[in-house]
Amino acid sequence: MDIRIFKDGGLLAHTSALHSLYVEAFCAPPWNEDEEKAIEFLGRLVGNVRRPGFTAALAFAGTQAVGFATGWTTAAPFPTDRCYPQAAAGLGARRTVEWLCGAREIDELAVHPDAHGTGLAAALLRSVTADAPEGRSWLLTSVRSPRAISFYRRQGWTQATHPAPEGEGIVVFLGPHHPARALAPLPL
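Residues numbered from 1 in each chain as written. Predicted model: local features only at pLDDT ≥ 70, side-chain atom pairs only at ≥ 80, totals over all residues. Heavy atoms only, no water.

Q: Go over the sheet that holds strand β6 (residues 158-159) with me, naming the residues and quoting the values.
A: Strand order in the open sheet formed by 7 strands is β1-β2-β3-β4-β5-β7-β6, and the pairing between neighbours is mixed. The open sheet has two edge strands with one neighbour each: β1 (2-6) and β6. (Pairing = 2+ DSSP bridges. Helix = DSSP H or I, 4+ residues; strand = E, 2+ residues; numbered from the N terminus.)

Q: Run through the packing of helix α3 (residues 84-91) against helix α4 (residues 93-100), naming residues and quoting values.
A: In contact at an axis separation of 6 Å, α3 and α4 are set at 110° when each is read in the N-to-C sense. Regarding the angle of α3 to α4, the classification is roughly perpendicular. The element α3 and its partner α4 pack so that their crossing is right-handed. Two secondary-structure elements touch here, α3 through Ala-87, Ala-88 and Leu-91 and α4 through Ala-93, Arg-95, Thr-96, Trp-99 and Leu-100. Tallied by class, residues from the contact of α3 with α4 come to 6 nonpolar, 1 polar and 1 charged. (Axes fitted to C-alpha atoms, helices over the stretch in contact; angles between N-to-C directions. Parallel < 35°, antiparallel > 145°, perpendicular 65-115°, else oblique. Left-handed = near helix turned anticlockwise from the far one by under 90°. Contact = heavy atoms within 4.5 Å. Nonpolar A, V, L, I, M, F, W, Y, C, P; charged D, E, K, R; others polar.)

Q: Go over the layout of surface pockets with me, naming the residues and quoting the values.
A: By volume, the largest pocket amounts to about 1300 Å³. If you go around the largest pocket, you meet 46 residues; those closest to its centre are Phe-26, Trp-31, Glu-108, Leu-109 and Thr-141. Every element with two or more residues in the lining of the largest pocket is listed here: α1 (15-26), α2 (35-48), α3, β4 (104-111), α5 (120-129), β5 (137-142) and α6 (146-154). Take the lining of the largest pocket: its biggest share by element is 7 residues, from β4. The residue inventory of the lining of the largest pocket, partitioned by class, reads 24 nonpolar, 9 polar and 13 charged. (1 Å grid on protein atoms, 1.4 Å probe; cavity = no way out; pocket = protein on both sides within 12 Å on 5 of 7 lines; lining within 4 Å. Points joined across faces, edges and corners; volume = space filled by probe spheres on them.)

Q: Any chance you could break down the packing of aromatic side chains for me, citing the residues and the numbers?
A: Taken as a whole and judged by the stated rule, the model has 9 aromatic pairs. The interplanar angle of 70° and the centroid separation of 6.0 Å between the aromatic rings of Phe-26 and Trp-31 together place this pair among those described as edge-to-face. Among the aromatic residues, ring-to-ring pairing joins Tyr-22, Phe-26, Trp-31, Phe-41 and Phe-68 into one connected group. Over the face of the ring belonging to Phe-60 we find Arg-4, whose NZ or CZ atom lies 3.9 Å from the ring centre. The positively charged end of Arg-51 is found above the aromatic ring belonging to Trp-72, 4.2 Å away from the centroid. (Phe/Tyr/Trp six-rings, centres within 6.5 Å; stacked < 30°, edge-to-face > 60°. Lys NZ or Arg CZ within 6 Å of the ring centre and 35° of its normal.)

Q: Describe the nonpolar core, naming the residues involved and giving the relevant values.
A: If you look at the biggest cluster of nonpolar residues, it comprises 59 residues, and the most contacted ones within it are Leu-58 and Tyr-152. At 6 residues, the largest contribution of residues to this core is made by α5. Leave out the neighbours within four places in its chain, and Tyr-152 touches Leu-109, Leu-125, Leu-139, Thr-141, Trp-157 and Phe-173. (Core = buried A, V, L, I, M, F, W, Y, C linked by side-chain atoms within 4.5 Å. Buried < 20%, exposed > 50% of the residue type's maximum accessible area, 1.4 Å probe, protein only.)

Q: Got a sec to walk through unusual backbone geometry? Specific residues and values, please.
A: Cis peptide bonds are those with omega within 30 degrees of zero, and the linkage from Pro-29 to Pro-30 qualifies with 5°. Here Pro-30 is to be found in the loop between α1 and α2. A cis amide bond, omega 0°, links Ala-76 with the succeeding residue Pro-77. Looking at the element boundaries, Pro-77 is found in the loop between β3 (64-73) and α3. The backbone phi angle of Arg-82 is positive, close to 50°, even though this residue is not glycine.

Structure follows, in structure tokens:
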């Protein structure tokens, strides 16, 4: 596998491959997203490549893209769109600012189904967090995917919020080198 790092809009030269990977990863269960969500992802990506700290990793097997990860530095004040309010509600205002603002936020991680189980997802995750400010990285995922939650735990990420497992909530994870990992509350 060849993993290429992008820090700017050069990633946009690969939008067709990113679109295909997004569809393969997120239009199947448990995410069940549709084509419209994949198009929305590409629309957001055009703006995301201009965010401070933008970092993307795109993996190739030969000439075929087989996975990607994107991230950037979380802004202050903490954003209020998408799933950000759920993350802030789970952590509380002080922890949200101290733990997440200024940290590397992992936005998307997608791997083609044929590459599952190869270690590619872990390599992509490491690639986009390697230069996280002071080791501070974070992400969120849905409780609908026990597989994703288990994957992040195996990679050394610490679960910082604990919504009801039967719910539709999101889970915030702190990266393996995040200085607040030891402060994250344990589940009940």
